[in-house]
Amino acid sequence: MRTDLITPEGYDTLAKELDHLWREYRPEITKKVAWAASLGDRSENADYKENKRLLRQIDSRVRFLRKRLDALKVVEYSPVQEGKVFFGAWVEVESEQGEVKVFRIVGPDEIYGHKQYVSIDAPMARALIKKEVDDEAVVRTPDGEKVWFINKISYQTPLA
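Residues numbered from 1 in each chain as written. Predicted model: local features only at pLDDT ≥ 70, side-chain atom pairs only at ≥ 80, totals over all residues. Heavy atoms only, no water.

(A) Main features of the overall build of the chain. Scanning the chain from terminus to terminus reveals 3 helices and 7 strands. Listing each helix as α and each strand as β along the chain from the N terminus yields β-α-α-β-β-β-β-α-β-β. Over its C-alpha trace the chain gives a radius of gyration of 22 Å, far above what one expects of a compact globule, namely 15 Å for 160 residues. Oriented by its inertia axes, the alpha-carbon framework of the chain measures out at about 70 × 35 × 30 Å. In the chain, once contacts between residues fewer than 6 apart in sequence are set aside, the share between residues at least 24 apart is 58%. Within the structure as shown, the chain displays about 10,000 Å² of accessible surface, and the carbon and sulfur contribution to it stands at 51%. In the chain, 27 positive and 28 negative side-chain charges are present, and the distance between their average locations comes to 7 Å. (Helix = DSSP H or I, 4+ residues; strand = E, 2+ residues; numbered from the N terminus. Rg over C-alpha atoms; globule rule 2.2 N^0.38 Å. Contact = heavy atoms within 4.5 Å. Areas by Shrake-Rupley, 256 points an atom, 1.4 Å probe, with all protein chains shown as cover. Lys, Arg positive; Asp, Glu negative; His and termini not counted. Charge placed at Lys NZ, Arg CZ, Asp CG, Glu CD.)

(B) Broad picture of the nonpolar core. Grouped together as the largest cluster of nonpolar side chains are 21 residues, with contacts concentrated most on Val85, Val91, Val93, Phe103 and Leu128. At the level of elements, β3 (90-95), β4 (100-106), α3 (123-128), β6 (136-141) and β7 (144-154) are the ones that each hand at least two residues to this core. Those residues in contact with phenylalanine 103 that sit more than four places away from it in its chain are Ala89, Trp90, Val91, Val93, Gln116, Val118, Met124 and Leu128. Formed by 16 residues, the second largest nonpolar core is a distinct cluster that contains Ile6, Leu54, Ile58 and Leu72. (Core = buried A, V, L, I, M, F, W, Y, C linked by side-chain atoms within 4.5 Å. Buried < 20%, exposed > 50% of the residue type's maximum accessible area, 1.4 Å probe, protein only.)

(C) Representation of the packing of aromatic side chains within the structure. Counted by the stated rule, this structure contains 2 aromatic pairs. With a centroid separation of 5.6 Å and 40° between ring planes, the pair formed by tyrosine 77 and tyrosine 155 is classed as tilted. A residue pair is termed long-range when its members are at least 10 positions apart, and tyrosine 77 in the loop between β2 (73-74) and β3 and tyrosine 155 in the segment after β7 qualify at 78 residues. Owing to a relative accessible area of 35%, tyrosine 77 belongs among the partly exposed residues under this scheme. Taking the centre distance of 6.0 Å and the plane angle of 65° together, the rings of tryptophan 90 and tyrosine 117 count as edge-to-face. Placement of tryptophan 90 in strand β3 and of tyrosine 117 in strand β5 (residues 117-119) is noted, with a sequence separation of 27 residues between them. Of the two residues, tryptophan 90 and tyrosine 117, neither departs from the other in class, the shared state being buried. Residue placement shows arginine 66 over the ring face of tryptophan 22; its charged tip is 4.5 Å from the ring centre. (Phe/Tyr/Trp six-rings, centres within 6.5 Å; stacked < 30°, edge-to-face > 60°. Lys NZ or Arg CZ within 6 Å of the ring centre and 35° of its normal.)

(D) A look at the pairing of β7. The sheet contact formed by β3 and β7 spans 6 bridges and is antiparallel. The partner of serine 95 across the bridge, within β7, is tryptophan 148. Examined bridge by bridge, β6 and β7 share 6 bridges and lie antiparallel to one another. In the sheet register, alanine 137 faces β7, and the bridge partner there is tryptophan 148. Counted between consecutive antiparallel strands, the loop separating β6 from β7 contains 2 residues. (Pairing = 2+ DSSP bridges.)

(E) Geometry of the packing of helix α1 (residues 8-37) against helix α2 (residues 46-71). Close contact between α1 and α2 brings their axes to 9 Å; oriented N to C, the two are set at 155°. Overall, the two elements α1 and α2 adopt an arrangement that is roughly antiparallel. With respect to the hand of their crossing, α1 and α2 are arranged in left-handed fashion. Residues belonging to the contact of α1 with α2 are distributed by class as follows: 19 nonpolar, 2 polar and 8 charged. (Axes fitted to C-alpha atoms, helices over the stretch in contact; angles between N-to-C directions. Parallel < 35°, antiparallel > 145°, perpendicular 65-115°, else oblique. Left-handed = near helix turned anticlockwise from the far one by under 90°. Nonpolar A, V, L, I, M, F, W, Y, C, P; charged D, E, K, R; others polar.)

(F) Just the sheet that holds β5, in detail. Spatial strand order, β5-β4-β3-β7-β6: 5 strands in an open sheet with mixed pairing. Across the chains shown, the open sheet's two edge strands, defined by having one partner strand only, are β5 and β6. On average, each strand axis in the sheet is tilted by 45° relative to the strand beside it, whichever way the strands run.

Taken by themselves, the reported measurements are silent on function.
Structure representation (structure tokens):
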């Protein structure tokens with residue numbers, strides 16, 4: 001199951017990607033395809049084949065982004081969330097062995113390219129929802145259960 005939630009920053013990132021693909025990258029590749037097609041025999045034209053492949057990938061991504069952006073629900077920060085872990089929170093947790101992790105709970109569309117982002121669908125995030133500082137969360141993993149203690153929660157700035 002994929003949750004249809006996203007932070008405002010994540011939504012802006014996807015919207016900018018869509019805009020870039022549609023307004024800049026796709027027209028550039030379309031020109032290359034037209035140029036390569038004008039050279040004649042397309043069956044042995046590597047430029048034509050490669051750029052047509054790129055155009056198909058761009059069109060596929062554009063279709064995906066348009067559908068996804070329509071389906072997503074942007075979750076804005078609310079002061080009511082303070083003190084508890086909810087969507088969009090930066091959280092610092094510590095294991096019983098002293099291992100410390102810091103991450104932000106975001107939508108599944110936002111985690112790519114961000115080492116400190118964890119999907120709301122991940123077992124860690126699910127275990128932390130509605131918990132407070134000094135609470136313990138039991139995370140069920142394929143390796144068994146692991147206990148984590150919440151040290152800090154922030155919604156405004158990343159934790160150091």
